[in-house]
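Spelled out from the first residue to the last, the chains are:
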Amino acid sequence: MQEDIKLVDLIIEIADARVPLASRNPDLAEMGKNKARLILLNKSDLADERENKKWQEYFKKQNISCVLTDSRNKGSLKSISSIVQEACREKIERDARRGIKNRAIKAMVVGIPNVGKSTFINSYAGKACTKTGNKPGVTKGKQWVRLDKNIQLLDTPGVLWAKFDDPEVGKRLACIGSVKDDILNLEELSLDLLDFIIKNYPGLIEKRYDVDETLKLPEVLYGIGEKRGCLTKGNEVSYEKAAALLFDDFRSGKIGRITLESPPKGE
């Protein structure tokens, strides 16, 4: 990625709108410090609308162009080309002074696993250019995608950084599916997710599952499993199946529009 950055004019960084900071690879800040930047807060249709607006303001204060997107909805991508042109205005003007006109902008599309990079590229290009999947690690190698005479995109595999300094970051990424479920303790993580939703979005769990939110967290999870038939072969409630159901419903937005982190205060 460090080598490829030298080839491009712009870095398009795709983050998950539900965890805008946790889903940004911190290594990119240093690698791309001399490049134009555009952040797409993808899956914004699954995130809290009030928090979406706060995050846009946050990135505006950082002098970073930021757009709310839903990669599955081509309509939300209509403004991207003009924003790309604006983000690269200095480069275009510099080329013009050198007598270079209409040279295609080369943009690298980066993001951690499962934030919707490939879906974005396919929707933006209007054709299936890359493989997609609702799990991390689908894109294996880099490839150039020519959108038109003005823009070329370099698709790169989703990369997580080596170590999470803050365990909360790891938990948030696990909740959105950027870490493979089979290496996680989903039952333990589901209690953290339940705790957050009940405290910050009271009523959503009760409305979705008809379970009393005032119960202790393991009892709430048990109630979800009982109501939704998450049973073992012996007809006992399976906490594991109930946890898996909770994550499926959260990730697909069935519980409601939920954002797991707010902008840092004072920034």
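Just above, that's the structure.
I will try to describe carefully the structure that is included in this document.

Some remarks on the side chain of Ser123
Thought 1: For Ser123, the position within the fold is in helix α6 (residues 117-125).
Thought 2: Once residues lying within four places of it in the same chain are set aside, the contact partners of Ser123 are Ser71, Arg72, Lys74 and Leu77.

Section: empty space enclosed by the protein
Thought 1: Applying the stated criterion across every chain, the model contains 1 cavity of 30 Å³ or more.
Thought 2: Of the voids in this model, the largest cavity is the one considered here, and its volume is about 40 Å³.
Thought 3: Residue lining of the largest cavity: Met1, Asn25, Leu28, Val110, Gly111, Ile112 and Val159, and that is the complete set.
Thought 4: When grouped by side-chain class, the residues that make up the lining of the largest cavity number 5 nonpolar, 2 polar and no charged.

Side note on the sheet that holds strand β5 (residues 143-146)
Thought 1: If you trace the 6 strands from one edge of the open sheet to the other, you get β3-β2-β1-β4-β6-β5, paired in mixed fashion. Of all the strands in the sheet, the pair left with one neighbour each is β3 (65-68) and β5. Recorded for the sheet is a direction-independent mean angle of 25° between the axes of neighbouring strands.
Thought 2: Pairing between strand β1 (residues 10-16) and strand β2 (residues 36-42): 7 bridges, direction parallel. Counterpart to Leu10 in the pairing with β2 is Ala36.
Thought 3: Set on the sheet, helix α3 (residues 49-61) makes contact with β2 and β3; between it and β3 the angle comes to about 165°.

Digging into the packing of helix α8 (residues 186-200) against helix α10 (residues 217-227)
Thought 1: With their axes 10 Å apart at the nearest point, α8 and α10 run at an angle of 100° to one another. Between α8 and α10, the angle falls in the class roughly perpendicular. Touching Glu187, Ser190, Leu191, Leu194, Asp195 and Ile198 of α8 are Leu217, Pro218, Val220, Leu221 and Ile224, all from α10.
Thought 2: Tallied by class, the residues present in the contact of α8 with α10 amount to 8 nonpolar, 1 polar and 2 charged.

Brief notes about the packing of helix α7 (residues 167-176) against α8
Thought 1: Where α7 meets α8, the closest approach of the two axes is 11 Å, and the angle between their N-to-C directions is 95°. Taken together, the axis directions place α7 and α8 in an arrangement best described as roughly perpendicular. Of the residues in α8, those in contact with Lys171, Ala174 and Cys175 of α7 are Leu189, Asp192 and Leu193.
Thought 2: Taken together, the residues of the contact of α7 with α8 sort by class into 4 nonpolar, no polar and 2 charged.

Regarding the nonpolar core
Thought 1: If you look at the biggest cluster of nonpolar residues, it comprises 53 residues, and the most contacted ones within it are Ile12, Val84, Phe120, Tyr124, Leu153 and Ile205.
Thought 2: It is α8 that provides the largest number of residues to this core, a total of 6 residues.
Thought 3: Ignoring anything within four residues of it in the chain, the contact list for Val84 reads Leu10, Ile12, Leu38, Ile105, Tyr124 and Ile151.
Thought 4: Among the nonpolar cores identified, the runner-up in size contains 10 residues, and Ile39, Trp55, Ile64 and Cys66 belong to it.

Quick look at the packing of aromatic side chains
Thought 1: Considering all chains together, one arrives at 6 aromatic pairs under this definition.
Thought 2: Judged by centre distance (6.5 Å) and plane angle (50°), the ring pair of Phe196 and Tyr201 falls under tilted.
Thought 3: Residue Tyr201 is classed as buried on the basis of its relative accessible area of 10%.
Thought 4: Members of the aromatic cluster, joined through ring pairs, are Trp55, Tyr58 and Phe59.
Thought 5: The ring centre of Trp144 lies 5.6 Å from the NZ or CZ of Lys106, which sits over that ring.

Describing helix α11 (residues 239-252)
Thought 1: Helix length check: α11 (14 residues) gives 20 Å between terminal C-alpha atoms against 20 Å at 1.5 Å per residue, within 8%.
Thought 2: Every buried residue of α11 is listed here: Ala242, Ala243, Leu246, Phe247, Asp249, Phe250 and Arg251.
Thought 3: Backbone geometry just downstream of α11 places Gly253 in the positive-phi region, at approximately 85°.

Rules of the game
- All residue numbers refer to position in the chain's written sequence, counted from 1.
- In view of the model being predicted, local features appear only for residues whose pLDDT reaches at least 70, and side-chain atom pairs are presented and counted only at 80 or more, with totals across whole chains, interfaces and linings using the full set of residues.
- The side-chain figures draw on all heavy atoms in the structure; neither hydrogens nor water molecules are used.
- Segments assigned H or I by DSSP are reported as helices when at least four residues long, segments assigned E as strands when at least two residues long, and all are numbered from the N terminus.
- The contact definition used throughout considers only heavy atoms, calling two residues in contact when any of these lie within 4.5 Å.
- For each structure, a 1 Å grid was placed over the protein atoms alone; sets of points admitting a 1.4 Å probe that cannot get out are labelled cavities, open sets with protein on both sides within 12 Å along at least five of seven lines are labelled pockets, and lining residues have an atom within 4 Å of a point.
- Grid points are joined across faces, edges and corners, and a volume is the space filled by probe spheres set on the points.
- Gly falls in the polar group here, along with every residue not listed as nonpolar (Ala, Val, Leu, Ile, Met, Phe, Trp, Tyr, Cys, Pro) or charged (Asp, Glu, Lys, Arg).
- Whether two strands pair comes down to DSSP finding at least two bridges between them.
- To get an axis, fit a line to the C-alpha atoms, keeping to the stretch in contact for a helix; angles then go from 0 to 180 degrees between the N-to-C directions.
- Angles are sorted into four bins: roughly parallel if under 35 degrees, roughly antiparallel if over 145, roughly perpendicular if 65 to 115, and oblique for all others.
- Definition used in this section: a nonpolar core is a set of buried Ala, Val, Leu, Ile, Met, Phe, Trp, Tyr and Cys residues joined via side-chain atoms within 4.5 Å.
- To sort residues, take the accessible area from a 1.4 Å probe on protein chains only and compare it with the maximum for the residue type: under 20% means buried, over 50% means exposed, and anything in between is partly exposed.
- Two aromatic rings, drawn from Phe, Tyr or Trp (for Trp, its six-membered ring), form a pair once their centres lie within 6.5 Å of each other, and the interplanar angle then sorts them: stacked below 30 degrees, edge-to-face above 60, tilted otherwise.
- Comment: the charge-over-ring label is applied if NZ (Lys) or CZ (Arg) is within 6 Å of the ring centre and within 35 degrees of the ring normal.
- Working rule for helices: expected span equals 1.5 Å times residues minus one.

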